[in-house]
Amino acid sequence: MSSQRNDEPVHRHRMNPLPDNEVVIIGGGFSGIGAAILLEKAGFSDYLIVEEGDGIGGAWHWNTYPGVAVDIPSFSYQFSFEQVAGWSRIYAPGRELKAYAEYCVDKYDVRRRTRLGTRITAAIFDDEAHLWRLETSHGDTITARFVIGATGVLTQPKAPDIEGLAEFTGTVMHTARWDDRVDLRGRRVAIVGTGASAVQVIPSIAPLVEQLTVFQRTPIWCLPKPDMALPRTAALALRRLPGAKTLSRLVSQAFVELTFPLAAHFHGLLPVAGTGERIGRAHLRRTVKDPALRDKLTPRYALGCKRPSFSNEYLTTFNRANVALETTSIKAVTAAGLRTTDGVDHDADVLILATGFKVFEKGNMPAFTVRGAGGVDLEQFWQENRYQAYQGVSVPGFPNFFTILGPYGYNGSSYFNLIETQTAHLIRCLKHAREAGATRIEVTREANDRYFRHMLGRRKHQVFFQDSCANANSYYFDENGDVPFRASPTLETMWTSSRFDLGHYTFEQIRGRAGGTAVAKPQRERIASAGDETGIGEVRSKRAKIVADRPR
């Protein structure tokens, strides 16, 4: 199972026992691909990607519905170290993102160290051996010194909790598991949901179907999409003109930053959201003719409570004679269609579920059983202590386990920025462990709790906790009413990932089965000053006191 190359320096002689791989990355989407590439660049070549699907690309492998495309400019939706110039549009279609993933795994020789068609069912930490035992859907076990969770959270399609769904005699499919064999031409189609995927699907299929009925629970903020086809001359310019790629990326990054991270996390300080709402309402007035219909499509919550969408076709689709917007709640699914609470039956041949994914739900965070030191269950830990992770990467009690999209890691910017910053964080830990001969890395409870308090302390400026967000029905909120986003501008996430105090972790090495463990420096977290990155000066030294006083 090991993928160590013959010409690779041997650094594992201190590790006892020897695992199958130094690092196992769970997930073959862009998070896993990016982590693998950056590990290789940092000198960690003994890794294995384990992917459940039969191909790489994650969301861009699974999602093939009509109109699927990136929802931020392509200049931002790519690795900073692998910027390509050949996008067909400013917002690239899904097939090009899938092709970009394939290009990256081939260019950086990731494919041969990837195991497809394998789902991790459980991850169990071996306290004595300082390694993880990963159980697979095939019944075998893979061992790893370190594990990187790169599965994301928007991976498991969520069916709506509607009575009678199994009774429908027509075709049912979720947007995340689209069946290309289903011909929608001339069919009566019902689509449930008006989120990100629906905004793309609805205008794509409306010209094909006989009748399209859209069932909306909560309207989405839809802003004009600054999209256009990119001619070949643009690609040539990006390739040949000095600084062209850098400039296009900077402009794109600034646009992304303004439209979500700054608008959402600094709502109380910056007037960005108000400007965006005015643009959204003007876009609605220009595109929807019927005042009553326009009113139904108008959000009653602040921009940023849930992720906004960008489209030049979505709203205009409701002007079509064969498209109907239904805002009455669904009572049940019948054999022939859907029945709303007013008793009206809406017949359909095909039912499309644009109902999103499981997010903060049992069985998804995490998506498989994770048992850390002493057999502590990660799902149970989060249920008892609320979702939290140090900078979204590490959880106390779960040594040698890192996540790309952990709680309070993602700030709402490009996922590629998240991948690069989180991987930079964990590589700093791995490098120090290698230098010190450590086989166990664990974030301290003190550092984790202080970071959690710091994130909660920034709530007062976030849009999520304004009164209007109560009407948004946003999946951002977990069962505790928390929104585990990282309340930071993107530059801050990049800065802290490369400069956090390594004393926030403990590093230990195996001396021998009879000799116990040795602690590698830095042994303990340094007492934080009032000017550290958390802004919290006081650190309680007794673990029991920390546990008793952690945020509730």
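Predicted model, so just to flag it, every value in this text is computed and none were measured. (Residues numbered from 1 in each chain as written. Predicted model: local features only at pLDDT ≥ 70, side-chain atom pairs only at ≥ 80, totals over all residues. Heavy atoms only, no water.)

S.K.: Could you clarify how one ought to interpret the overall build of the protein in this entry?
M.R.: Looking only at helices and strands, one finds 15 helices and 21 strands in the protein. In the protein, buried positions account for 57% of the 552 residues. A separation of at least 24 residues holds for 71% of the contacts in the protein among residues at least 6 apart in sequence. (Helix = DSSP H or I, 4+ residues; strand = E, 2+ residues; numbered from the N terminus. Buried < 20%, exposed > 50% of the residue type's maximum accessible area, 1.4 Å probe, protein only. Contact = heavy atoms within 4.5 Å.)

S.K.: Any chance you could explain the packing of aromatic side chains here in plain terms?
M.R.: Any two aromatic rings considered together are summarised by their centre-to-centre distance and by the angle between their planes. Overall, the coordinates contain 35 aromatic pairs when judged by the stated rule. Arranged with centres 6.3 Å apart and planes meeting at 80 degrees, the rings of Phe 465 and Phe 477 form a pair that is edge-to-face. With Phe 465 in the loop between helix H13 (445–457) and helix H14 (490–499) and Phe 477 in the loop between H13 and H14, this pair connects stretches of sequence that are twelve residues apart. Looking at Phe 477, the relative accessible area reads 24%, which means it is partly exposed. Residues Tyr 475 and Tyr 476 carry aromatic rings whose centres are separated by 5.1 Å and whose planes lie at 75 degrees to one another, so their mutual orientation is edge-to-face. Here Tyr 476 falls in the buried class, since its relative accessible area comes to 3%. Ring pairs connect the aromatic residues Phe 30, Trp 60, Tyr 77, Phe 79, Phe 81, Trp 87, Tyr 100, Tyr 108 and Phe 416, which therefore count as one cluster. Above the plane of the ring of Phe 260 lies Arg 307, whose end atom (NZ or CZ) is 5.5 Å from the centre. The lysine or arginine in question, Arg 499, covers the ring of Trp 495, its NZ or CZ lying 3.8 Å from the ring centre. (Phe/Tyr/Trp six-rings, centres within 6.5 Å; stacked < 30°, edge-to-face > 60°. Lys NZ or Arg CZ within 6 Å of the ring centre and 35° of its normal.)

S.K.: How should I be thinking about helix H4 (residues 196–205) in this particular structure?
M.R.: Every α-helix winds through 3.6 residues per turn, so residues three or four apart in the chain are directed the same way. Of all ten residues that make up H4, eight are buried, and the element is covered over most of its length. All buried positions along H4 are accounted for by Ser 197, Ala 198, Val 199, Gln 200, Val 201, Ile 202, Pro 203 and Ile 205. Looking at the buried side of H4, the elements it contacts are strand E8 (188–192), strand E9 (211–215), strand E11 (309–310), helix H10 (314–317) and strand E16 (350–353).

S.K.: Would you mind showing me how to read helix H3 (residues 94–107) here?
M.R.: Counted at 1.5 Å a residue, the expected span for H3 with its 14 residues is 20 Å, and the 20 Å between its end C-alpha atoms agrees. Buried residues of H3: Gly 94, Glu 96, Leu 97, Lys 98, Tyr 100, Ala 101, Cys 104 and Val 105, and no others. The secondary structure elements touched by the buried residues of H3 are helix H1 (30–41), helix H2 (59–62) and helix H12 (415–436). Remark: Asp 109 follows H3 within two positions and exhibits a positive phi of approximately 55 degrees. (Expected span 1.5 Å × (residues − 1).)

S.K.: Quick question: what am I supposed to make of the side chain of Glu 326 here?
M.R.: Considering the arrangement of structural elements, one finds Glu 326 in strand E12 (residues 323–326). Sequence-distant contacts of Glu 326, defined by excluding residues within four places in its chain, comprise Thr 213, Val 214, Phe 215, Gln 216, Thr 340 and His 346.

S.K.: It is not clear to me how the pairing of strand E14 (residues 337–340) should be interpreted in this structure. Could you clarify?
M.R.: Here is the key point about a regular strand: its side chains alternate between the two faces of the sheet. Bridging between strand E13 (residues 330–333) and E14 involves three bridges; their strand directions are antiparallel. Bridging across to E14, Val 333 finds its partner in Leu 338. In this antiparallel pair of consecutive strands, E13 and E14, the connection spans three residues. (Pairing = 2+ DSSP bridges.)

S.K.: Can you help me understand the pattern of salt bridges in this one?
M.R.: Two side chains bearing opposite charge may form a pair once their charged atoms approach each other closely. As enumerated under the stated definition, the model contains 26 salt bridges in all. The partner of Arg 307 in a salt bridge is Asp 71, and the shortest N-O contact between them spans 3.3 Å. With a gap of 236 residues between them, Arg 307 in the loop between helix H9 (291–296) and E11 and Asp 71 in the loop between H2 and H3 connect regions that are remote in the sequence. Asp 482 serves as the salt-bridge partner of Arg 386, at 2.9 Å between the closest nitrogen and oxygen. One end of the pair, Arg 386, is in the loop between helix H11 (378–385) and strand E18 (401–403); the other, Asp 482, is in the loop between H13 and H14, and 96 residues separate them in sequence. Across the pair, exposure class does not vary: Arg 386 and Asp 482 are buried alike. Overlapping salt bridges bring together Lys 98, Glu 102, Asp 106 and Arg 111 as one network. (Salt bridge = Lys/Arg side-chain N within 4 Å of Asp/Glu carboxyl O.)

S.K.: What am I meant to see in the sheet that holds E14 here?
M.R.: Sheet strands associate in pairs through backbone hydrogen bonding, adopting either a parallel or an antiparallel arrangement. Sheet architecture is open: three strands sit in the order E13-E14-E15, paired in antiparallel fashion. Here the strands that pair on one side only, and so sit at the sheet edges, are E13 and strand E15 (345–347). On average, each strand axis in the sheet is inclined to that of its neighbour by 25 degrees, with strand direction left out of account. (Axes fitted to C-alpha atoms, helices over the stretch in contact; angles between N-to-C directions.)

S.K.: Looking at this model, I keep getting lost on the sheet that holds E12. Mind explaining?
M.R.: Taken in spatial order, the five strands line up as E7-E16-E8-E9-E12 in an open sheet, and their pairing is parallel. On the outer flanks of this sheet lie strand E7 (171–174) and E12, each paired with one strand and no other. Sheet twist, expressed as the mean angle between neighbouring strand axes with direction ignored, is 20 degrees. Two strands pair when backbone bridges link them, and E7 and E16 are joined in this way by four bridges, in the parallel orientation. When the bridges of E16 are listed, Met 173 appears paired with Ile 352. The sheet contacts of H4 involve E8, E9 and E16, and relative to E8 the element is tilted by about 170 degrees.

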